[in-house]
Amino acid sequence: MKILIIAAMSADGKIAESVDQLSLDWTSKEDTRFFIDKTKEVGTLVMGSTTFATIGKPLPGRRIIVLSKDDSKEPRFSSIETVPPGGSVEFANKSAEELVADLGHEGVESLVVGGGSSVYSQFLQAGLVTDLYLTIEPVLFGAGIPLASGFDRIEMSLVDVTKLNDQAVLLHYQV
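Each value, and the rule that gives it
- Sequence order as written defines the numbering, with residues in each chain counted from 1.
- Restriction of local features to residues with pLDDT of at least 70 applies here, the model being predicted, together with a cutoff of 80 or more for giving and counting side-chain atom pairs; totals for whole chains, interfaces and linings are based on all residues.
- By convention in this description, side-chain values take in all heavy atoms of the structure and omit both hydrogens and water.
- Salt bridge, as used here: a side-chain nitrogen of Lys or Arg that lies within 4 Å of a carboxyl oxygen of Asp or Glu.
- Only runs of H or I of at least four residues qualify as helices and only runs of E of at least two qualify as strands under DSSP, and these elements are numbered from the N terminus.
- Residue burial is assigned from relative accessible area. The probe radius is 1.4 Å, only protein chains are included, and a residue is buried under 20% of its type maximum, exposed over 50%, and partly exposed in between.
- Only when DSSP finds a minimum of two bridges between them are two strands counted as paired.
- Lines are fitted to the C-alpha atoms to define the axes, a helix being fitted only along its stretch in contact, and any angle between axes, read from their N-to-C directions, falls within 0 to 180 degrees.
- The contact rule is simple, with two residues in contact once any of their heavy atoms fall within 4.5 Å.
- For our purposes a nonpolar core is just a set of buried Ala, Val, Leu, Ile, Met, Phe, Trp, Tyr and Cys residues, chained together by side-chain atoms within 4.5 Å.
- What pLDDT reports is the predictor's confidence in each residue, on a scale of 0 through 100.
- Relevant arc is that of directions from the helix axis to the C-beta atoms, nothing else.
- Ring geometry is summarised as follows: Phe, Tyr and Trp rings, the Trp one being its six-membered ring, pair when their centres sit within 6.5 Å, and such pairs are stacked at plane angles under 30 degrees, edge-to-face over 60 and tilted between the two.

What follows is about the pattern of salt bridges. The final tally for this structure, using the stated rule, is 7 salt bridges. Across the salt bridge formed by Lys 2 and Asp 131, the nearest N and O atoms sit 3.3 Å from each other. Of this pair, Lys 2 sits in strand 1 (residues 2–10) while Asp 131 sits in strand 7 (residues 131–137), and the two are 129 residues apart along the sequence. Here Asp 131 falls in the buried class, since its relative accessible area comes to 2%. A salt bridge links Arg 63 to Glu 90; the nearest nitrogen and oxygen atoms lie 2.6 Å apart. In this pair, Arg 63 is assigned in strand 4 (residues 63–67) and Glu 90 in strand 5 (residues 88–92), connecting sequence segments 27 residues apart. Look at Arg 63 and you get buried, because its relative accessible area is 18%. In the salt-bridge network here, residues are joined through shared partners; they are Arg 63, Glu 90 and Glu 106.

For the rest of this paragraph, the subject is the sheet that holds strand 7. Here we have 8 strands laid out as an open sheet, ordered 5-4-3-6-1-7-10-9, and mixed in their pairing. A single partner strand is all that each edge strand has here, and the edge strands are strand 5 and strand 9 (157–163). Ignoring which end each strand starts from, the neighbouring axes of this sheet average 20° apart. Looking at chain direction, strand 7 and strand 10 (residues 169–174) are connected through 6 bridges and run antiparallel. Within the sheet, the bridge partner assigned to Tyr 133 lies in strand 10 and is His 172. Helix 1 (residues 29–42) rests against strand 1, strand 3 (44–48), strand 6 (110–113), strand 7 and strand 10 of the sheet, and its axis sits at about 170° to strand 1.

Below, the discussion takes up the nonpolar core. Among the nonpolar cores identified, the biggest contains 30 residues, and Ile 5, Val 46, Leu 111, Val 113, Tyr 120, Phe 123 and Leu 147 are the most heavily contacted of them. Secondary structure elements with two or more residues in this core: strand 1, strand 2 (14–16), strand 4, helix 3 (96–106), strand 6, helix 4 (117–125), strand 7 and strand 10. Look past the residues within four positions of Ile 5 in its chain and what remains in contact with it is Val 113, Tyr 120, Leu 124, Val 129, Asp 131, Leu 132 and Tyr 133. The next biggest cluster of nonpolar side chains, apart from the first, holds 16 residues, and it includes Phe 34, Met 47, Leu 59 and Tyr 133.

For the protein, per-residue confidence averages 90 on the pLDDT scale, and residues scoring 70 or more make up 90% of the total. Segment residues 72–84: pLDDT under 50, and 17 contacts once partners within four positions in sequence are set aside and those in other chains are kept.

What follows covers helix 3. Of all the positions in helix 3, only Ala 96, Leu 99, Val 100 and Leu 103 are classed as buried. With its buried residues spanning 95° around the axis, helix 3 presents them on a single face. For helix 3, the elements touching its buried residues are strand 1, strand 3, strand 4, strand 6 and helix 4.

With that settled, consider the packing of aromatic side chains. If you walk through the whole model with that rule in mind, you get 3 aromatic pairs. Plain terms: the ring middles of Trp 26 and Phe 141 are 5.0 Å apart, the flat faces sit at 80° to each other, and that makes the pair edge-to-face. On the criterion of sequence distance, the pair formed by Trp 26 in the loop between strand 2 and helix 1 and Phe 141 in the loop between strand 7 and strand 8 (145–146) is long-range, its members being 115 residues apart. Measuring from ring centre to ring centre gives 5.4 Å for Phe 34 and Tyr 133, while their planes differ by 40°; the resulting arrangement is tilted.

Mapping Ile 65 onto the fold places it in strand 4. Spatially, the C-alpha atoms of Ile 65 and Val 46 are 4.8 Å apart, while their sequence positions differ by 19 residues. Those residues in contact with Ile 65, other than ones at most four positions away along the chain, are Thr 44, Leu 45, Val 46, Met 47, Glu 90, Ala 92, Leu 99 and Leu 103.

Below, the structure written as structure tokens:
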């Protein structure tokens, strides 16, 4: 299975200044467009409950799986109108390996890991990631949340560099 990490990062390697910060507060519209297009292309998007809370709703044309150890964080949708056509949200209290195995049995061929740091870390620690798409935005936070941690060195190969606009670049690496 192809497992892609998609993340926007500051030039000093942070995915946010704080846990409740929206990426839309500091990322480019071109990065947002890439995220939308790539996640719609792949179809299945995995994220943690904190990241989902910053989005707060299903995304059209994508299946979102929220990894959460705390069932009380599951949002409740008040009516069917709050769920966009073709978008769904599921909650799973599973390890990255268990989730990938279950999705493989369903016939899922690829998925996007869309954050946050804890979920990125789980997939990298398990050795499941095949590709990373990292947008580097022209900002330095100085402090904040790293992309991931808690894993041994991972060697990657640069596949492509795309200039998204005059300031931001998208790096595509294969593991």
